[in-house]
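# Results of the structural survey
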Amino acid sequence: MNKAASGNVTFLFTDIEGSTKLAQEFPDTYNSLIQQHDTILSSVIESNNGFTFKKVGDAFCCSFENTADALKAAHESQLKLNAHDWGVAKIKVRMGLHSGEAEYKNSDYVGYITLSRVNRIMSVAHGGQVLLTQEIYDTIVNTNPGGLSFRDLGERKLKDIILPEHVYQLSAEGLPVDFPPLKSLDFRPNNLPLQITKFIGREKEIDSVKQLLRSARMLTIVGPGGTGKTRLALRAANDLIDEFENGVWFVELSALNDPELIENEILQTLKLKEEGDKSIIDTLKEFLKDKQLLMIFDNSEHLLDKCASLVVVLLQSCARLKIISTSRESFNISGETIYKVPPLSVPDPGKIFTEESILEFESAKLFLDRATSIKHDFKITGDNVNALAVLCRRLDGIPFAIELAATRVNVLPVEKILERLNDRFKLLTRGGSTVLPHHQTLRALIDWSYDLLNDKEKVLLHRLSVFMGGWTYEAAEEICSDETIDEFEILDLLTSLENKSLINVIETEGMNRYNMLETIKQYCAEKFPDKSTTMKKHLDYFLKLSDADEMKSKGIEQIQWVRMLDADLDNLRTAIQWSFEKEEETSFRFVYLLSNFWLIKGYFKDGYQIAKKALAIETVTDKKLRAQALLTSAEMCYNLGNFPELEKSANESMSLFREAEDKYGIAACLIQLGNVSFTNLDMQKAKEYFDEALKISNEIDSKVLKAKALRNLSFLENQDIDYTAALNLKEESLKIFREIKDMYNTAFALATLGIFEYQRGHLERANSFSEESLSIARENGDQYFISINLINLGRIYSEKKDFLKAEYFIEDSLKIIKEYGYSLNLHPALINLAKISKDKGDCKKAIETYREFLRGSSNSGGNFFLKHALIGMSECYFKLKDFEQSLRLITYSEKNAEETKIKFSENESAFLSDYKSLIKEKLTDEKYSECKEEGLELSIEKLISY
């Protein structure tokens, strides 16, 4: 028996993937399978000089003195495990290797960091995959034992490991190459939907798509409905995900009817927020210009022209972007590569098949898999095998058609399914000569499936077709029930329709959400021409869902409300559009109720466009409704940077609210007008507006308006350097937001307090506020406030001289900022990254980072941060003994502060005064005066090029 190594030890940890599930599926043979597994591993480890120091269930923990032996053991183990006959069970073992310091004491190893790392590296692997750390790779890469090679998977964040780990995958002959993304904390970002059912066959097609995409930037996967274009694209993209640093993003277009909403859909998919007066296409181009990213445009045939023109613009502007489109037609644009999806392989006509030989064909494999999921004891027998062969051929190998047919095995034998299908095919061959045969086949199958439904199932299917982008059980229960279908029947009917593959269900965040294939939806539209009654109920339901106060009365707080609305965004758009067509006054109610949702989610252009569309309706004369729509328009204009229209809309709104004697509306308008004045640096006017808003909010006892007014007044006190007053206002505002459980504004208030306390030098309080705000922002999924709090935490740790942590927080924030396009947050991130370099003594690097800030300082509020850059640069030049430039910068910063009315804090004023005195000692009076004059003539452009 081999001995335990000590000192620098190489560890190999292994674990069976899904062992609990295997034990449940194979209770009679599982112990035998484990014994076979143990025998294989023990033999290989022993023969390669390894020592198994612990076994936990099916997991092996082994040590080696020699790294090459450990790698060889991992390779040989996988080969033998893969070659072993496990019967129907599929035993797949994941493995991880790492080298580090450890000592063997009392029958176990001591070395927490080393053992934790090897355990974490193993835990993120998939069955059959061998992962190793940088230490293993560095030791072995030049010796290359046994012709092994390695795939670089990049740096990954592992649970409980502070710094990212560089991960490699062992590649060698006989081992699988392609695996799903690693299960690390920072796996490649994506929104690829999880597939519940197995992906059958298509190995050749997957390889073809992957190879084409490696050389093409625009790949269109074309084919008729039901051929599996989407699933093929998703499977290929999933295999390639590690090749796209910035991830893979799935853009579902089937729910869109308006081509002008495509850009919004992409924006929301990428979780971007609209910026000021910048167009959405410019925002997308700016965000994607340097990203290594893959986008999948799914179901784009009904939006072909708009998609084609958009793709051309994006590909021309974004050199590392690649796009897959699934469509019934190509885009017909330059540089497009087209891949036509073939049908699944089908049994040859005229041949006799056995139960085994028919499974050489993908269509038969798919039918068997789906049939056994419906009826567990279904089998292919000598009696039904040839009927199945004919059935697969008659369905032309179309996956969707085969899946629908397979759902009937619980009520019909294969022979009867084929018999019914024959009748339908004969009927549809009499269609027009221009109709594709595949469309006829699919149409026949849908007709047949529909005819097998009972009356209530048919009625419910019709009504479900009004939903866009899916629905919840609660929505179906309220909208689709009446005297024909009792609400208590809805769940059973949904289950029945799902079992028959006419609808599907996806579990998202612990909730089931239903959806319907577009083909079925279009089919139902023909069967259900008059859907006005159901659309009216759909409208009423989503109007009620939009009412935050109504939802709160049912125990649904803000975070949950926002998530619910976001999940039903397509239904909201549908309801709003229907209100414009049928109930114009209701469209105004939507505008008012959804204003907070649009603000929280950053859907500013959506809110603005809908508000303007409502305001264009002249038949609605209710002054309060029009005032509310104008207020919403003003709120959206603030975030879009359209201040002239903001001021105009807010004034018009306030005038109407005054006529209606609506004090709440008046105060809300005053806050918006105060925001305009504050942005224009007219602090006195801003204070007048905020003071009046506060007075009214107290009169009407509106807590939310009072808290907003107090918060905004605190910003004015910040500018006046009255920290006591500012703190009192901020704390009172936070207290109110907590009381009313407004979590978005609570996170906002906490973040501002964290920044405020940092500025005052109260680091522990600043840390506490920022950590709490960060926690809420993460719960909300609010990347904007996550990035803000990471910046402040970086600043806090920088003040504590913990520069490693400080840089880690700021760099993490910068990743989010650049990923999501938060240009405003880029300013403080760069300023503080430069400050860290300055405090570490690397003044040249600090100056370059300050210059990077200056290049974009004219955008999105950069002027508020300019003084920090100028002061920081002046200090850097002083330390580099360039006293003349240091004085120029101090002079320019004082001039800028006077022009912008942004005051220096006491510490900043003292710093500038001290440095001017020190510089005066270094320069002659003449040179001192000359540099001051030159400082007055400085500009941002000169500083960038200096």
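Starting from 1, residues in each chain are numbered consecutively following that chain's sequence as written. The predicted nature of this model means local features are confined to residues of pLDDT at least 70 and side-chain atom pairs, given and counted, to a pLDDT of 80 or more, with totals for whole chains, interfaces and linings taken over all residues. Values reported for side chains reflect all heavy atoms of the structure, with hydrogen atoms and water molecules removed beforehand.

Moving on: the overall build of the chain. In this text, helices come from DSSP runs of H or I with a minimum length of four residues, and strands from runs of E with a minimum of two, each type numbered from the N-terminal end. What the chain contains, in helices and strands, is 43 helices and 15 strands. What the globule rule says is 2.2 Å times the number of residues to the power 0.38, and the radius of gyration is computed from C-alpha atoms. Scaling as 2.2 N^0.38, a compact globule of 946 residues should have a C-alpha radius of gyration of about 30 Å, and the chain matches this with 33 Å. Dimensions of the chain, computed from the C-alpha atoms along their principal axes, are close to 105 × 85 × 55 Å. Only protein chains enter the accessibility calculation, which uses a 1.4 Å probe. A residue is then buried if its area is under 20% of the maximum for its type, exposed if over 50%, and partly exposed in between. Counting the 946 residues in the chain, one finds 54% classified as buried. Taken as a whole, the chain presents about 42,400 Å² of accessible surface, with 49% of it coming from carbon and sulfur. Lys and Arg are tallied as positive, Asp and Glu as negative. Neither His nor the chain termini are counted. In plain terms, the charge of a residue is placed at NZ if it is Lys, CZ if Arg, CG if Asp and CD if Glu. With 119 positive and 146 negative side-chain charges, the chain shows a spacing of 1 Å between the two charge centroids. Surface exposure here means Shrake-Rupley accessible area, sampled with a 1.4 Å probe, where a residue is shielded only by the protein chains that are shown.

Let's shift gears to the nonpolar core. Of all hydrophobic cores here, the largest spans 194 residues; its most connected members are M295, L461, L464 and F597. We call two residues in contact whenever any of their non-hydrogen atoms come within 4.5 Å of each other. Here F597 is in contact with W561, V562, L565, D566, L569, L572 and Y603, once residues within four sequence places are set aside. Throughout this description, the term nonpolar core refers to a set of buried Ala, Val, Leu, Ile, Met, Phe, Trp, Tyr and Cys residues connected via side-chain atoms within 4.5 Å.

When the terminal C-alpha atoms of helix 26 (residues 604–615) are compared, their 16 Å separation across twelve residues agrees well with the 16 Å that a helix rising 1.5 Å per residue should span. A large share of helix 26 lies buried, amounting to nine of its twelve residues. Within the span of helix 26, buried status applies to F604, K605, D606, G607, Y608, I610, A611, A614 and L615. Given a helix with a known number of residues, its expected span is that number minus one, times 1.5 Å.

Now for empty space enclosed by the protein. Of the two site types, the cavity is a set of points on a 1 Å grid over the protein atoms alone where a 1.4 Å probe fits but cannot get out, and the pocket is an open set with protein on both sides within 12 Å along at least five of seven lines, each lined by residues with an atom within 4 Å of a point. Grid points are joined across faces, edges and corners, and a volume is the space filled by probe spheres set on the points. Evaluated as defined, the whole model comprises three cavities of 30 Å³ or more. Lining the largest cavity are L569, L572, R573, I576, L594, W598, D606 and I610. Secondary structure elements with two or more residues in the lining of the largest cavity: helix 23 (569–582) and helix 26. Here the lining of the largest cavity gets four residues from one element, more than from any other, and that element is helix 23. Partitioning the lining of the largest cavity into residue classes produces six nonpolar, no polar and two charged. All amino acids are sorted into three groups, where Ala, Val, Leu, Ile, Met, Phe, Trp, Tyr, Cys and Pro are nonpolar, Asp, Glu, Lys and Arg are charged, and the leftover types, Gly among them, are polar.

With that settled, consider helix 8 (residues 262–269). Counted residue by residue, helix 8 has eight buried out of eight residues, so it is predominantly covered. What helix 8 keeps buried is the set I262, E263, N264, E265, I266, L267, Q268 and T269. Those residues of helix 8 that are buried are in contact with strand 10 (248–252), helix 9 (280–288), strand 11 (293–298), helix 10 (304–317), helix 23 and helix 26. In the stretch just after helix 8, K271 is the one whose phi turns positive, near 60°.

This next bit is on the side chain of N896. Tracing the sequence through the fold places N896 in helix 40 (residues 883–900). Sequence-distant contacts of N896, that is, excluding residues within four places in its chain, are made with N863, L866 and L870.

Attention shifts here to the packing of aromatic side chains. For Phe, Tyr and Trp, where Trp contributes only its six-membered ring, two rings pair if their centres lie within 6.5 Å, and the inter-plane angle classes them as stacked under 30 degrees, edge-to-face over 60, or tilted in between. Applying the stated criterion across every chain, the model contains 27 aromatic pairs. Ring geometry for W561 against F597: centres 6.5 Å apart, planes inclined by 75°, an arrangement best described as edge-to-face. With W561 in helix 22 (residues 558–567) and F597 in helix 25 (residues 595–601), the pair connects residues that are 36 residues apart, well separated along the chain. Of the two residues examined, W561 and F597, each falls in the buried class. A connected cluster of aromatic rings, assembled from ring pairs, spans F11, F13, F51, F53, Y104 and Y109. We note K291 situated over the ring of F287; from NZ or CZ to the ring centre the distance is 4.3 Å. For a Lys NZ or an Arg CZ to count as sitting over a ring, it must be within 6 Å of the ring centre and within 35 degrees of the ring normal. Sitting over the face of the ring of Y928, K920 holds its NZ or CZ atom 4.2 Å from the ring centroid.

A word on the pattern of salt bridges. Salt bridges are counted wherever a side-chain nitrogen of Lys or Arg sits within 4 Å of a carboxyl oxygen of Asp or Glu. Applying the stated rule across the entire model yields 56 salt bridges. When the shortest N-O distance is used, the salt bridge between D482 and R463 registers 2.7 Å. Of this pair, D482 sits in the loop between helix 17 (473–480) and helix 18 (490–499) while R463 sits in helix 16 (residues 455–464); the two residues are 19 residues apart in sequence, bridging distant segments of the chain. With its nearest N and O atoms 2.7 Å apart, the salt bridge here joins K544 to E478. Residue K544 is located in helix 20 (residues 532–545), and its partner E478 is located in helix 17; the two are separated by 66 residues in the primary sequence. For K544, a relative accessible area of 27% translates into the label partly exposed.

Here the focus is the environment of H126. Inspection of the secondary structure puts H126 in the loop between helix 4 (112–123) and strand 6 (130–133). Between the C-alpha atom of H126 and that of V93, which follows or precedes it by 33 residues, the distance is 7.7 Å. Residue contacts for H126: discarding those within four places in its chain leaves E17, V93, R94, F179, P180, P181, L182 and K183.

The next point concerns a nonpolar patch on the surface. Patch rule: a residue counts if its relative accessible area is over 30% and it has no salt bridge; like charges are joined within 9 Å, and nonpolar side chains (Val, Leu, Ile, Met, Phe, Trp, Tyr) within 5 Å. Taken together, Y592, Y664 and I700 make up a surface patch of nonpolar side chains, about 250 Å² in accessible area. Mapped onto the fold, I700 is located in helix 30 (residues 683–700).

Let us look at the packing of helix 30 against helix 31 (residues 703–719). Helix 31 packs onto helix 30 with a crossing angle of 155° between their chain directions and a minimal axis gap of 9 Å. Judged on the interaxial angle alone, helix 31 and helix 30 are roughly antiparallel. Seen along the crossing, helix 30 lies across helix 31 with a hand that is left-handed. Taking contact as the criterion, the partners of M683, A686, K687, F690, D691, A693, L694, S697, N698 and I700 in helix 30 are, on helix 31, L705, K706, A709, L710, N712, L713, L716 and Q719. Note on definitions: angles span 0 to 180 degrees between N-to-C directions of axes, and those axes are lines fitted to C-alpha atoms, for helices only across the stretch in contact. Any angle that falls under 35 degrees is termed roughly parallel, while one over 145 is termed roughly antiparallel, one within 65 to 115 roughly perpendicular, and all others oblique. Helix crossings get a hand from a simple test, with the near helix turned counterclockwise from the far one by less than a right angle marking a left-handed crossing and a clockwise turn marking a right-handed one.

Two elements in contact, helix 34 (residues 763–780) and helix 35 (residues 783–799), have axes whose closest approach is 9 Å; the angle formed by their N-to-C orientations is 155°. As judged from the angle between their axes, helix 34 and helix 35 are roughly antiparallel. Our pair here, helix 34 against helix 35, has a crossing hand that is left-handed. Where helix 34 approaches helix 35, its residues L763, A766, N767, S770, E771, S773, L774, A777 and R778 are matched on the opposing element by F785, I786, N789, L790, N792, L793, I796, Y797 and E799. A class-by-class count of the residues in the contact of helix 34 with helix 35 yields ten nonpolar, five polar and three charged.

Another point: the confidence of the model for the chain. With 94% of its residues at a pLDDT of 70 or more, the chain shows a mean pLDDT of 87. Element-level mean pLDDT values for the chain span from 59 in helix 15 (residues 437–451) up to 96 in helix 20. Confidence of the predictor at the level of single residues is captured by pLDDT, which takes values from 0 to 100. Here residues 423–441 is a poorly scored stretch, pLDDT under 50, and it has 23 contacts once near neighbours within four places are set aside; other chains count.

Its place among the elements puts S215 in helix 6 (residues 203–215). Judged by relative accessible area, which is 65%, S215 ranks as exposed. Sequence-wise, S215 and T337 are 122 residues apart; in three dimensions their C-alpha atoms are separated by 9.5 Å.

Another point: unusual backbone geometry. Its identity is not glycine, yet N49 carries a phi of approximately 65°, on the positive side. Along the chain, N49 falls in the loop between helix 2 (30–47) and strand 2 (51–56).

Here we come to the side chain of E205. With respect to the helices and strands, the residue E205 is situated in helix 6. Take E205: its relative accessible area is 8%, and that puts it in the buried class. If near-sequence neighbours (up to four positions away) are discounted, E205 is found in contact with L232, Y339, P342 and E362.

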